[in-house]
Amino acid sequence: MNIVVSKEKVSFSNKQYVGLAFPLIIAGITTPLIGAVDTAVVGRLPDPSSIGGVAIGAVIFNTMYWLLGFLRVSTSGFTAQAQGSHNINETKLTLLRPIIIAMIFGLLFIIFQKPILHIALNVIGGSDAVSSFASTYFSIRVWGAPFILMSYVFIGWLIGMGKVQLSLATQLIMNLMNIVLSIVFVLVFELGVAGVGYATLISEISAVLFGGFIIAKHNTVGFLSVKLREILDPEPLLKMVKVNRDLFLRTICLLIMTGIFTSKGAGMGEVTLAANAILLQIHYIMAYLIGGFANASSILTGRAVGRKDSFLFNRAVYLSAVWGGGTAVTLAALMWLFGDGVIGLFTSINSVKDMAIANMVWMVIFPFVGFWGLQLEGIFSGATDAKSIRNSIFLALLVFLLVIWLLVPMFENQGIWLAFVIFSLSRSIFLFLYLPKLQRLHFP
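Here the residue numbers are simple positions, counted from 1 along each chain's written sequence. Thresholds applied to this predicted model are a pLDDT of at least 70 for local features of residues and 80 or more for the giving and counting of side-chain atom pairs; totals over whole chains, interfaces and linings are not thresholded and use all residues. Only hydrogens and water are set aside; all other atoms, that is, all heavy atoms of the structure, feed into the side-chain values.

A. Main features of unusual backbone geometry. One non-glycine residue, lysine 308, lies in the positive phi region at around 60°. Tracing the chain through its elements places lysine 308 in the loop between helix H13 (270–307) and helix H14 (310–346). Its relative accessible area of 57% is what places lysine 308 among the exposed residues. In this structure, threonine 384 is a non-glycine residue whose phi angle is positive, near 50°. Helix and strand definitions here come from DSSP, where helices need a minimum of 4 consecutive H or I residues and strands a minimum of 2 consecutive E residues; each element is numbered from the N-terminal end. Buried means the residue's accessible area, taken with a 1.4 Å probe over protein chains only, is under 20% of the maximum for its type, while exposed means over 50%, and partly exposed covers the values in between.

What follows is the structure, encoded as structure tokens:
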């Protein structure tokens, strides 16, 4: 089926939707690779403390950058809307405005790097040797903060423009360079943990340079013609700040949920903690796979809002339901059939493996209850309605806290996972209840 363009409708085929989503799925899976690669390479060193140091450093950066993930999400939504309305000048501004925020936060991370590291190490803990390696890794990689945040903006802008292959290329360049340089610096030049830090720093800077290059090469729009007063125009700037604020608060709610989940598991012993950690990683992989379709729906929704095209909006919702639901069924079936083998890829410790297998049923259930919430977040992000996302996740968190309080004393670890699944279901239900309001707002 081809795209059918008229004055009122833009129809999007299943084939085109999958073609849009596939690079986004690949890009999503590569997101957590930097910390994983750093940990794997340093795992070749003889001192186990170095592994712990890099792992802790990776957790610090993952948390900081996860909190600022709104830079990519909101940039994608605003850009898709500007492109949908054929507002060339606004498409330039949707790139330039968030770059300012990215640079400010990146510089703040550098300026306050010592208190950030001090607080993080006190919260996470670890031996003196582990903390020393973590400090070495952090003090090098933190200089890449402005660059990694700017790359979020570049990637979000390319996604919003529908140039998903170029956004994928940017992320692949960063990850491949990180892998190669880590191996060379650590295993060839024997720079140890510092080598891993430098490899990551160089790859993050290179991603920004590459992203800037392809944006300049593949866009005839002149960014230098934009005036500073347009970038700092209070009305659109305030709207962007509000959307980013709500997405930030949404991420805080997720961190609270994950922190409580992990803490409850840790209180039940190291085996339970390790098994839950493995299952959470499997959950993240499934969420990234489903999230690729959510990102595709975000692009279509942004275009629909920009064009005031209710037909395209309904098409985005339909495609989200079909492909997100189909992916959920497929993932659940794979977990049911091959879950034991998947867990074996993560650990060879029998006690941990047995505990994880005993809780594998929750990984079978999760795709069914969680996929619609993930898809709807893509739709609402494309419409830049972050307030509804924030409210729904907050309500889901309240439900999670209630279930944790009631069921964990009775069912222990099974109660923790039941609370997690109910949280995912609540997230889907609450956001779905906001959908009619979103339709009335943009397509009266």
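B. Structural detail: the pattern of salt bridges. Think of a salt bridge as a Lys or Arg side-chain nitrogen and an Asp or Glu carboxyl oxygen that are within 4 Å of each other. A complete count under the given rule lists seven salt bridges for this structure. With a closest N to O distance of 3.1 Å, glutamate 377 and arginine 427 form a salt bridge. In this pair, glutamate 377 is assigned in helix H16 (residues 361–382) and arginine 427 in helix H18 (residues 413–433), connecting sequence segments 50 residues apart. With respect to class, glutamate 377 is no different from arginine 427; both count as buried. A cluster of three or more residues bridged by salt bridges with shared partners is formed by Arg245, Asp246 and Arg390.

C. Highlighting the environment of isoleucine 422. As for its position among the elements, isoleucine 422 is in helix H18. Residue isoleucine 422 is classed as partly exposed on the basis of its relative accessible area of 25%. Sequence separation between isoleucine 422 and asparagine 359 is 63 residues, and the spatial gap between their C-alpha atoms is 15 Å. When checking whether two residues touch, look at their non-hydrogen atoms; a contact exists if any pair is within 4.5 Å. Once you skip the residues sitting within four places of it in the chain, isoleucine 422 turns out to touch Val399 and Val403.

D. Main features of helix H6 (residues 113–124). Given the number of residues in a helix, its expected span is that number minus one, multiplied by 1.5 Å. Compared with the 16 Å implied by 1.5 Å per residue over twelve residues, the 16 Å span of H6 between its first and last C-alpha is a close match. Those residues of H6 not exposed but buried are Gln113, Leu117, Ala120 and Leu121. Buried residues along H6 cover an arc of 95° about the axis, so they all sit on one side. Facing away from the buried side of H6 by more than 90 degrees, the exposed set consists of His118, Ile119, Asn122 and Val123. Each direction from the helix axis to a C-beta atom contributes to the arc, which is the arc of those directions.

E. Here's a closer look at the packing of helix H17 (residues 386–411) against H18. Viewed as axis vectors pointing N to C, H17 and H18 meet at an angle of 155°, and their least axial separation amounts to 8 Å. Between H17 and H18, the crossing angle belongs to the class labelled roughly antiparallel. Handedness of the H17/H18 crossing: right-handed. Where helices are involved, their axes are fitted lines through C-alpha atoms of the stretch in contact, as for all axes, and angles between N-to-C directions lie from 0 to 180°. Any angle between 65 and 115 degrees counts as roughly perpendicular, while under 35 counts as roughly parallel, over 145 as roughly antiparallel, and the rest as oblique. Crossing handedness is read from the near helix: turned anticlockwise from the far helix by less than a right angle, it gives a left-handed crossing, and turned clockwise, a right-handed one.

F. Broad picture of the packing of aromatic side chains. Working definition: a ring pair exists when centres of Phe, Tyr or Trp rings (six-membered ring for Trp) sit within 6.5 Å. Plane angles under 30 degrees give stacked, over 60 give edge-to-face, the rest tilted. Inspection of the entire model under this criterion finds 16 aromatic pairs. Both rings, one in phenylalanine 366 and one in phenylalanine 420, keep their centres 5.9 Å apart while their planes meet at 35°; by these two values the pair is tilted. With a gap of 54 residues between them, phenylalanine 366 in helix H16 and phenylalanine 420 in helix H18 connect regions that are remote in the sequence. The pair formed by phenylalanine 366 and phenylalanine 420 is uniform in burial state, with each residue classed as buried. Seen from their ring centres, phenylalanine 400 and phenylalanine 423 are 6.0 Å apart, and the 75° between their planes marks the pair as edge-to-face.

G. Region of the structure containing the environment of phenylalanine 261. Locating phenylalanine 261 in the fold gives a position in helix H12 (residues 234–266). What makes phenylalanine 261 buried here is its relative accessible area of 1%. In this structure, the C-alpha to C-alpha distance between phenylalanine 261 and alanine 82, residues 179 residues apart in sequence, is 39 Å.

H. Inspection of the nonpolar core at higher detail. Nonpolar cores were defined as sets of buried Ala, Val, Leu, Ile, Met, Phe, Trp, Tyr and Cys residues, with membership established by side-chain atoms within 4.5 Å. Counting 105 residues, the largest nonpolar core has Tyr65, Leu71, Leu149, Ile282 and Met363 as its most contacted members. In terms of residue count, H16 provides more of this core than any other element does, eleven residues in total. If near-sequence neighbours (up to four positions away) are discounted, tyrosine 65 is found in contact with Phe109, Arg141, Gly144, Ala145, Ile148, Leu149, Tyr152 and Glu204. Counting 15 residues, the second largest nonpolar core, distinct from the first, contains Ala21, Val164, Ala316 and Leu319.

By themselves these figures say nothing about function.
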